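Breakdown of the fold
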Amino acid sequence: MANEVVAEMDAIQTHFKSSNAKPTHEDQQQFRYLQYVQQKAQYYQYVHGNLLATDFGDHDAYASLVGQCFEYTVNEKELKGGTSNTVARTYVMVVCPFLNVTQTEPAYHEWRLAQKQAQAGETPITPPTEREEQRPILLGVWANWTTDVRPTHVGLPHALYDEAPAPLEADPSPIRVQMYDHGERCGEAPRRVHMQMECASTNYVKFVEERSVCVYSIGFATPAACSPDYVRHLQSVLGASARHDEL
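No experiment lies behind these values; they were computed from the predicted model shown.

This structure, assessed with the given rule, holds 8 salt bridges. The shortest N-O distance in the salt bridge between Arg-131 and Glu-110 comes to 2.8 Å. Separated by 21 residues along the polypeptide, Arg-131 in the loop between α4 (108-120) and β4 (137-146) and Glu-110 in helix α4 bring together distant segments of the chain. Here Glu-133 ties to Arg-131 by a salt bridge, and the two come within 3.0 Å at their closest N and O atoms. A residue is classified by how much of its surface remains accessible, and Arg-131, at 42% relative accessible area, is partly exposed. Within the structure, one salt-bridge network assembled from shared partners comprises Glu-110, Arg-131 and Glu-133.

Given below as structure tokens:
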């Protein structure tokens, strides 16, 4: 499909260059649509190629995360460590492991109204007639595992089971870090994401931080990150605890 789109775009460009005709508004719209289709096809080709080459861990434990997405709500003070806005903006990060990470802002309209009112003081503002929306921003596309980034906020993992007694030793397996690149441009460079996978009882996003401009750190908790040795250890501890309770 991508090759067909490129061929059609080349044909359009060749036609107008050879005929010296001026493209109509409809011609321009068609060309922009073909560009969109081409970019979308290239994106899926890139993602699928990366997935085929992906290491999903022992027994493909991480493969269960493919096709799932998880949301995490964070305000910009927590995300960036501060804000120049009178009212902090609130983002909903959508984390789709092995696919992409996007930043959405469902409450953008409400934030704009609150920001304008805070700046106006006691003077009532006139709200816009139409709802203002903020489009999602692509922070990064799944690339591969990386060893170039050190994990952050490393602590004891959540127990594999909610009823597990505490304290328990930390999982001896090293935390693995994922790289998501080719995000939307931010100044001179594209956005990118480093996501560390930590042992936990369920799948959820632990934290999201913008540690430097347009470079994001995400902590993702998942049973897939738990080593077999640690799982056996927890099962042993839980079994001993259950026998003790029966006595």
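There's more to say after this.
Turning next to the pairing of strand β10 (residues 215-222). Burial within β10 is extensive, with 8 of its 8 residues counted as buried. Taking every second residue as pointing to the same face, both faces of β10 are buried, with Val-215, Ser-217, Gly-219 and Ala-221 on one and Tyr-216, Ile-218, Phe-220 and Thr-222 on the other. Bridging between strand β8 (residues 192-199) and β10 involves 8 bridges; their strand directions are parallel. By the bridge assignment, Gln-196 is partnered in β10 with Gly-219. Pairing between strand β9 (residues 204-212) and β10: 7 bridges, direction antiparallel. When the sheet's bridge partners are listed, Phe-207 is paired in β10 with Gly-219. Counting the residues in the hairpin turn of β9 and β10 gives 2 residues, including Cys-214, whose phi is positive at 65 degrees.

What counts as what
Residue indices follow the written sequence of each chain, beginning from 1 at its first position. Local features are withheld for residues below a pLDDT of 70 in this predicted model, meaning they are given only at 70 or higher, and side-chain atom pairs are given and counted only at 80 or more; totals for whole chains, interfaces and linings count all residues. Values shown for side chains rest on all heavy atoms present in the structure; no hydrogens or waters enter the calculation. Whenever a carboxyl oxygen of Asp or Glu lies within 4 Å of a side-chain nitrogen of Lys or Arg, that contact is scored as a salt bridge. Comment: elements are numbered from the N terminus, with helices defined as DSSP H or I runs of at least four residues and strands as E runs of at least two. Summary of the burial criterion: residues with accessible area below 20% of their type's maximum are buried, those above 50% are exposed, and those between are partly exposed, where the area comes from a 1.4 Å probe applied to protein chains only. Two strands qualify as a pair provided DSSP detects at least 2 bridges between them.

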